[in-house]
Amino acid sequence: DVKVTQSSRYLVKRTGEKVFLECVQDMDHENMFWYRQDPGLGLRLIYFSYDVKMKEKGDIPEGYSVSREKKERFSLILESASTNQTSMYLCASTRGEFEQYFGPGTRLTVT
Amino acid sequence: AQSVTQLGSHVSVSEGALVLLRCNYSSSVPPYLFWYVQYPNQGLQLLLKYTSAATLVKGINGFEAEFKKSETSFHLTKPSAHMSDAAEYFCAVTGGIDYKLSFGAGTTVTVRA
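Cut-offs used in this document
Residues numbered from 1 in each chain as written. Chains lettered and ligands numbered in written order. Predicted model: local features only at pLDDT ≥ 70, side-chain atom pairs only at ≥ 80, totals over all residues. Heavy atoms only, no water. Helix = DSSP H or I, 4+ residues; strand = E, 2+ residues; numbered from the N terminus. Rg over C-alpha atoms; globule rule 2.2 N^0.38 Å. Buried < 20%, exposed > 50% of the residue type's maximum accessible area, 1.4 Å probe, protein only. Contact = heavy atoms within 4.5 Å. Pairing = 2+ DSSP bridges. Axes fitted to C-alpha atoms, helices over the stretch in contact; angles between N-to-C directions. Buried area = accessible area lost by both parts, 1.4 Å probe. Salt bridge = Lys/Arg side-chain N within 4 Å of Asp/Glu carboxyl O. Polar contact = N/O pair within 3.5 Å; in protein donor to acceptor, adjacent residues only side chain to side chain. Nonpolar A, V, L, I, M, F, W, Y, C, P; charged D, E, K, R; others polar. Core = buried A, V, L, I, M, F, W, Y, C linked by side-chain atoms within 4.5 Å. Phe/Tyr/Trp six-rings, centres within 6.5 Å; stacked < 30°, edge-to-face > 60°.

## Observations concerning the overall build of chain A
1) Next: Broken down by element type, chain A carries 0 helices and 11 strands.
2) Next: In chain A, the order of α-helices and β-strands from amino to carboxyl end is β-β-β-β-β-β-β-β-β-β-β.
3) Next: Whereas a compact globule of 111 residues would reach a radius of gyration of roughly 13 Å, chain A reaches 13 Å, a difference of no more than 12%.
4) Next: Considering only C-alpha atoms, chain A reaches an extent of 40 × 25 × 25 Å along its principal axes.
5) Next: Looking at chain A as a whole, 49% of its 111 residues qualify as buried.
6) Next: Excluding contacts between residues fewer than 6 apart, the proportion of contacts in chain A whose partners are at least 24 apart in sequence is 55%.

## Thoughts on the sheet that holds strand E3 (residues 19-25) of chain A
For sheets, the rule is that strands pair by backbone hydrogen bonds, running either parallel or antiparallel.
All names here are of chain A.
1) Next: Pairing within the open sheet is antiparallel, and its 4 strands lie in the order E1-E3-E8-E7. Of all strands in the sheet, those bounded by a partner on one side alone are strand E1 (4-6) and strand E7 (64-70). The average undirected angle you get between the axes of adjacent strands in this sheet is 20°.
2) Next: Pairing geometry for E1 and E3, over 3 bridges, is antiparallel. The residue bridging Val-4 from the neighbouring strand is Gln-25, located in E3.

## Topic: the interface of chain A and chain B
1) Next: Facing 22 residues of chain A, the contacting portion of chain B comprises 21 residues.
2) Next: Summed over both sides, the interface of chain A with chain B buries roughly 1800 Å², with 59% coming from carbon and sulfur.
3) Next: Summed over the shared surface of chain A and chain B, the result is 1 salt bridge.
4) Next: One salt bridge connects Lys-49 of chain B with Glu-99 of chain A, and the closest N-O pair in it is separated by 3.1 Å.
5) Next: Linking chain A to chain B there are 4 residue pairs in polar contact (both at pLDDT 80 or more).
6) Next: Across the side of chain A that touches chain B, the residue classes break down as 12 nonpolar, 8 polar and 2 charged.

## Some thoughts on unusual backbone geometry
1) Next: Backbone geometry at Lys-53 of chain A places phi at a positive 65°, although glycine is not the residue there.
2) Next: In this structure, Lys-53 of chain A sits in the loop between strand E5 (42-49) and strand E6 (56-57).
3) Next: Of note, the phi angle at Thr-72 of chain B is positive, near 45°, even though the residue is not glycine.
4) Next: Structurally, the position occupied by Thr-72 of chain B is in the loop between strand E7 (64-68) and strand E8 (73-78).
5) Next: We classify Thr-72 of chain B as partly exposed; its relative accessible area is 32%.

## Focus on the nonpolar core
1) Next: Counting 27 residues, the largest nonpolar core has Leu-21, Trp-35, Leu-47, Leu-48, Phe-74, Leu-76 and Tyr-89 of chain B as the members making the most contacts within it.
2) Next: For this core, the elements supplying multiple residues, two or more each, are strand E2 (10-14), strand E3 (19-27), strand E4 (32-38), strand E5 (44-50), E7, E8, strand E9 (87-94) and strand E11 (107-112) of chain B.
3) Next: In this structure, Leu-76 of chain B is in contact with Val-19, Leu-20, Leu-21, Trp-35, Leu-47, Leu-48, Phe-63, Glu-64, Ala-65 and Tyr-89 of chain B, ignoring residues within four places of it in sequence.
4) Next: Grouped together as the second largest cluster of nonpolar side chains are 20 residues, Trp-34, Ile-46, Ile-60 and Val-110 of chain A included.

## A look at the packing of aromatic side chains
1) Next: Taken as a whole and assessed by the stated rule, the structure comprises 15 aromatic pairs over all chains.
2) Next: Ring geometry for Phe-63 of chain B against Tyr-89 of chain B: centres 5.5 Å apart, planes inclined by 50°, an arrangement best described as tilted. Remark: Tyr-89 of chain B occurs in strand E9 and Phe-63 of chain B occurs in the loop between strand E6 (56-58) and E7; sequence separation between them is 26 residues.
3) Next: When its relative accessible area of 1% is taken as the criterion, Tyr-89 of chain B is described as buried.
4) Next: Between Phe-90 of chain B and Phe-103 of chain B the ring centres are 6.5 Å apart and the planes differ by 85°, which places this aromatic pair in the edge-to-face class. Residue Phe-90 of chain B is located in strand E9, and its partner Phe-103 of chain B is located in strand E10 (residues 102-103); the two are separated by 13 residues in the primary sequence.
5) Next: Put simply, the rings of Phe-33, Tyr-35, Phe-48, Tyr-50 and Phe-102 of chain A together with Phe-34, Tyr-36, Phe-90 and Phe-103 of chain B pair up and form one aromatic cluster.

Have a look at this one:
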């Protein structure tokens, strides 16, 4: 089974802090994605990556950056967390058959 | 560009009744379509997918969906609801050119005993 893990299930940070969300997949997938999920809005794509050291902006990249130094790991970075970034963050990966495999999510609260 | 509209943010059904979740899509190219389920405090799990083969797609847990090009729809059904079907369901579409998915807003299903 494909496994996508995320470093934290719940996270509480203060406004202005730098926040790192880590995602690791164990199936050698080339493509990885970061989404945020908010009630009534579904999932919105923040950033994605087709390969190591490659990144592409999604629909809502403002306030976020990413890093992919190794194929299995894709990190989402909030340079200066703000309260409007309180959300559920979901990581996903795919080899290319379009079906994306999701991690359990990180519920981030910024106070 | 692709987009998805899920009709109804909340659906309530009785145990044993039909579950019908509606999804309409917009795509400039032949679409690939997906239904995902999310149980409380979990990530998304694939229920089924349409990738231009059979128009009636069967998935896990007794769910199925029918691709109707003329109606640009991909509605999800289950003949008999079970308490364990209570969850949030997301329809998603991709154009197949890249691997980006566009998701609907989601439909929360509650099942009454």
